[in-house]
Structures are given as structure tokens and as C-alpha cells.
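Listed here are the chains, written in short residue letters.
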Amino acid sequence: DAGVTQSPTHLIKTRGQQVTLRCSPKSGHDTVSWYQQALGQGPQFIFQYYEEEERQRGNFPDRFSGHQFPNYSSELNVNALLLGDSALYLCASSSDRVGTEAFFGQGTRLTVV
Amino acid sequence: AQTVTQSQPEMSVQEAETVTLSCTYDTSENNYYLFWYKQPPSRQMILVIRQEAYKQQNATENRFSVNFQKAAKSFSLKISDSQLGDTAMYFCAFLLTLSSNTGKLIFGQGTTLQVKP
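This is a predicted model, so every value here is computed, not measured.

So, how was this worked out
Counting of residues starts from 1 at the beginning of each chain's written sequence and follows it residue by residue. Chains carry letters and ligands carry numbers; both start at the beginning, A for chains and 1 for ligands, and go up in the order they are written. It should be noted that, the model being predicted, local features are given only for residues of pLDDT at least 70 and side-chain atom pairs only at 80 or more, the latter also being counted only at that level, while totals for whole chains, interfaces and linings use all residues. No hydrogens and no water enter the side-chain calculation; it runs on all heavy atoms of the structure. Counting from the N terminus, the helices are DSSP H or I runs at least four residues long and the strands are E runs at least two residues long. Burial status follows relative accessibility: with a 1.4 Å probe on protein chains alone, a residue under 20% of its type maximum counts as buried, one over 50% as exposed, and anything between as partly exposed. Working rule for contacts: check all heavy atoms of both residues, and any pair within 4.5 Å makes them a contact. Per-residue accessibility takes into account occlusion by the displayed protein chains alone, with areas from the Shrake-Rupley method and a 1.4 Å probe. As used throughout, the charge tally considers Lys and Arg to be positive and Asp and Glu to be negative, leaving His and the chain termini uncounted. Charged side chains are reduced to one point each, which is NZ for Lys, CZ for Arg, CG for Asp and CD for Glu. Note on definitions: buried area is the accessible-area loss of two parts on being combined, 1.4 Å probe, summed for both. Any carboxyl oxygen of Asp or Glu within 4 Å of a side-chain nitrogen of Lys or Arg constitutes a salt bridge here. What qualifies as a polar contact is a pair of N or O atoms within 3.5 Å, subject to a donor-acceptor requirement within protein and to the restriction that residues adjacent in sequence count only when both atoms come from side chains. Three categories are distinguished: nonpolar for Ala, Val, Leu, Ile, Met, Phe, Trp, Tyr, Cys and Pro, charged for Asp, Glu, Lys and Arg, and polar for the others, with Gly belonging to the last.

**Quick look at the overall build of chain B**
Turning to step 1, where the next piece is worked out: Each helix and strand in chain B was counted, giving 0 helices and 12 strands.
Turning to step 2, where the next piece is worked out: When the elements of chain B are put in sequence order from the N terminus, they spell out β-β-β-β-β-β-β-β-β-β-β-β.
Turning to step 3, where the next piece is worked out: Here the C-alpha coordinates of chain B stretch approximately 45 × 30 × 20 Å along the principal axes.
Turning to step 4, where the next piece is worked out: Residue burial in chain B is summarised as follows: out of 117 residues, 50% are buried.
Turning to step 5, where the next piece is worked out: Taking as baseline every contact in chain B between residues at least 6 positions apart, the subset at least 24 positions apart corresponds to 56%.
Turning to step 6, where the next piece is worked out: Taken as a whole, chain B presents about 5,700 Å² of accessible surface, with 44% of it coming from carbon and sulfur.
Turning to step 7, where the next piece is worked out: Distance between charge centres in chain B, computed from 10 positive and 9 negative side chains, equals 5 Å.

**Concerning the interface of chain B and chain A**
Turning to step 1, where the next piece is worked out: Facing 24 residues of chain B, the contacting portion of chain A comprises 26 residues.
Turning to step 2, where the next piece is worked out: Between chain B and chain A, the buried area comes to about 2,000 Å², and carbon and sulfur atoms account for 50% of it.
Turning to step 3, where the next piece is worked out: Here chain B is connected to chain A by 0 salt bridges.
Turning to step 4, where the next piece is worked out: Viewed at the interface, chain A and chain B are joined by 9 residue pairs in polar contact (both at pLDDT 80 or more).
Turning to step 5, where the next piece is worked out: When residues in the side of chain B that touches chain A are grouped by element, the largest group, 4 residues, is from strand β5 (residues 32–39) of chain B.
Turning to step 6, where the next piece is worked out: Looking at the side of chain B that touches chain A residue by residue, the class counts come to 10 nonpolar, 11 polar and 3 charged.

Next comes the structure, spelled out in C-alpha cells:
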């Protein structure tokens, strides 16, 4: 079992650009959630995808969008990157929408310069 | 709104000793889960232990146990026989189990634990 896999592991982008991060959930999981973790802080919930729809959203601007594919994998897109978007982006998957047992990937480290 | 507070930014313990990490939370709801996650330098968030709010018995997983005080809204983690591999950042997290609030984990600020040889 490969667990939750995220790509890429590291990424450097220029302010104003757009970025796409990818996540493959653990086998048997159909729900994916995304989190942003600033350096030295706890993760902040961005949104959750289930049945290819955004089911719940945290306090993030519309520049943050996502998608879930029929195979349950997911993408996180961030437009018009700001320096403050530099963070570790974590993907978590679960086999139920409630998420009582969420498994996390190793994250994508995004640096905006 | 739910909040999670970890008041100990950093802690250290000698190998083989016991350490307790503190966490308090605030909610007016009754149906929720509490978690402790470990994040080593590899960055992957690993579930250490989970507690369902309606269960009075404290959860235990090998060397890890919790002290869940629902009335006081306190959820501390005790690590017994600390090992060098326990060195990591530890996060307390809250999950409200309402159908309108699915899957949203609320994390504390974290406690960095260093186990010294």
C-alpha cells in the first residue's frame, strides 16, 4: 500500500504565477482534504473533496481551487501567487467524509519568490 | 468556533523517561474526536492516538496514552519510555463530527519535543 502520495515534493514559483499540486489518496479512500502549513505553525484546512465536489471550505480566498478526479485523486490550484502562499501543503485522505482516520502525505513545499 | 491551544512550544525529555504534552480546546458541541499527530522532520503527519468524545475511557496505544478531561476541555498526551525516534513536532487536533462540518481537522500550534540520549 503506497499510502497518500503527493507531487512534487518541492516547488519554487514566482509571485503572480499559478501552481498545481497533486495528491493520490491511500488505496480504498475516496475523500481528500487539503491543508496549508506555514513554517512553525499547525496546518490550516483549505477544503475537502468528495464525489468530485468541494464539500467544505476553510477561510481561504478564491485563488485557491481544487478538483477531484473519478479515480479520487485530487489537485490543488493556486492562482496569482503571493509571497505569503509559501508553505507546506498537505493532502489527507480518508475512507469516510467525517475523516475520523485521516492519512497524510508528505506534503509539497511551495516557495514563492 | 472551535479552537485548539497548545501552550508548550518546546519540550525536552531524557531517553527512557516520561513526558506529558498539554492541549486544551474550546467547543460547545458534544460530538467530536480529538487526536494527537506526530510530524517528524520527514514532514509526514502521523496519527499517534485518537479519542472519541463520548468515550470516558482514555485511549492508549503502546507507550502513548491520553488524559481526556471533557469537562475541563483538556486532552494531554503522555509518552512513556521516551525513545530518540519520538523526537518530532506534536500536534493536537479536533474534529467536529457533524454532517455539515465533515473532515475539517482543527490543529493547535504544535509542541516540539526533543528526546535527549
